[in-house]
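Commentary on secondary and tertiary structure
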Amino acid sequence: MEKTLKVWIYKEGEPPLVHDGPCKSIYSMEGQFIHEFDSGNRFVASSPEHAHLHFIPLSITKLVHHLYPPKTYGRGPLHRVVSDYISIISRKYPFWNRTQGSDHFYLSCHDWAPDASEANPELNRNSIRVLCNANTSEGFDPRKDVSMPEIHLKTGRLDGLIGGPSPSRRSILAFFAGAQHGYIRSLLLRQWKDKDSQVQVHEYLPKGQSYSKQMQRAKFCLCPSGYEVASPRVVEAIYSGCVPVIISSSYVLPFSDVLDWRKFSVHIPVSKIPDIKTILERISQRRYLQLYRRVLQVQRHFVVNRPAKRFDVIHMILHSIWLRRLNRRLPL
């Protein structure tokens, strides 16, 4: 990939709907990726004729923010803008029509991002969708689409996010704090909320407690899906040196082509939520230390750097897109 790949980012359109995106909030990867490529990432092609991939730099988050009055949810405005953009690039250039969009991709962490592709049949059927909401029950196809980690950059700063004490200084077995979003969290809170000193599950943190400090005190961090399958807690746990405990259904984890999540996380089925403490207590100290060390090893793959660096999250996303491109047979 490093010696071969070239990506063309379409120049059409202007901020805030195109060539822009949030660089902080839970949707931060959308803006970080768009701005990285607009600022001249080394994989950017000098001309579209030399590109292996074509990037559609629409920001779904910005579209929703600017096109929708509060409490309106119809997908019509979103679909019209996406459809119009595809029409513009397909009339102006030969590349979309040459492959029916198979070597094109868009990227977003917004909950509505999967719906955006419904604006154009070829975009939905052929193009690579890079999504945080990688839910196979809602049409995510891991053979064609890419799962991207949801990273909550609260302030937009990229430094000082990684750190945590050694295993011997982690006094809590498991930790979670979060609102009752979705049925999985409802089950978790109903079973464990404020009931156990070692499996600390809170809807709201007790006064005086720090969310990040509690993560750093825990051996395992519970990462249940909310309204959507992805959760920023997965990356927050990895940053904190806390072994992620994935509690979800139909979620394709990021970078599963190259990362074996079984080696640095624990997966607990939704039906086993009542057994969380038993399952985690049965993990031997030797096994826990293996998981912990591997969490530290994979941290670099979830770090955002600007400019991007080898093996960081932007490169990992790009590698996942490149693998899908290699698996597609395009017209000669």
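The coordinates are above.
Below, the structure is looked at part by part. From a predicted model like this one, the values you see are computed outputs, not experimental measurements.

1. Describing the pattern of salt bridges
Summed over the entire model, instances satisfying the criterion amount to 15 salt bridges. Residues Arg42 and Glu2 are paired through a salt bridge, measuring 3.0 Å at the closest nitrogen-oxygen approach. Here Arg42 is found in the loop between helix H1 (28-38) and strand S2 (53-55), whereas its partner Glu2 is found in the segment before strand S1 (7-9), with 40 residues between them in sequence. Overall, Glu2 belongs to the partly exposed group, its relative accessible area being 32%.

2. Comments concerning the sheet that holds strand S7 (residues 199-202)
Sheet architecture is open: 5 strands sit in the order S7-S6-S8-S9-S10, paired in parallel fashion. Only two strands of the sheet have a single neighbouring strand rather than two, namely S7 and strand S10 (266-267). When strand S8 (residues 218-224) meets strand S9 (residues 243-247), the two strands line up parallel, connected through 5 bridges. By the bridge assignment for S9, Pro224 is matched with Ile247. The strands touched by helix H7 (residues 182-192) within the sheet are strand S6 (172-177), S7, S8 and S9, with S7 carrying the most contacts at an inclination of about 120°.

3. Re the sheet that holds S1
Pairing in this open sheet of 5 strands is parallel, and the strands run S1-S2-S3-S4-S5 from one edge to the other. Of all strands in the sheet, those bounded by a partner on one side alone are S1 and strand S5 (146-147). Across 2 bridges, strand S4 (residues 128-131) lies against S5 in parallel orientation. In the strand pairing of S5, Val130 is matched with Val146.

4. Re the state of the cysteines
Summed over the entire model, instances satisfying the criterion amount to 2 disulfides. Across the disulfide from Cys109 sits Cys132; the S-S distance is 1.7 Å. Here Cys109 is found in the loop between strand S3 (104-108) and helix H5 (113-116), whereas its partner Cys132 is found in the loop between S4 and S5, with 23 residues between them in sequence. You can call Cys132 buried: its relative accessible area is 1%. Counting only the cysteines that take part in disulfides, in the order they occur along the protein, gives the pairing 1-2, 3-4. In this model Cys23 remains outside any disulfide bridge; the closest cysteine sulfur is found in Cys109, 12 Å from its own. On the basis of relative accessibility, which here comes to 25%, the residue Cys23 falls in the partly exposed class. The closest cysteine sulfur to the non-disulfide-bonded Cys223 is located on Cys221, 6.4 Å from its own sulfur.

Rules used throughout
Residues numbered from 1 in each chain as written. Predicted model: local features only at pLDDT ≥ 70, side-chain atom pairs only at ≥ 80, totals over all residues. Heavy atoms only, no water. Salt bridge = Lys/Arg side-chain N within 4 Å of Asp/Glu carboxyl O. Helix = DSSP H or I, 4+ residues; strand = E, 2+ residues; numbered from the N terminus. Buried < 20%, exposed > 50% of the residue type's maximum accessible area, 1.4 Å probe, protein only. Pairing = 2+ DSSP bridges. Contact = heavy atoms within 4.5 Å. Axes fitted to C-alpha atoms, helices over the stretch in contact; angles between N-to-C directions. Disulfide = S-S within 2.5 Å.

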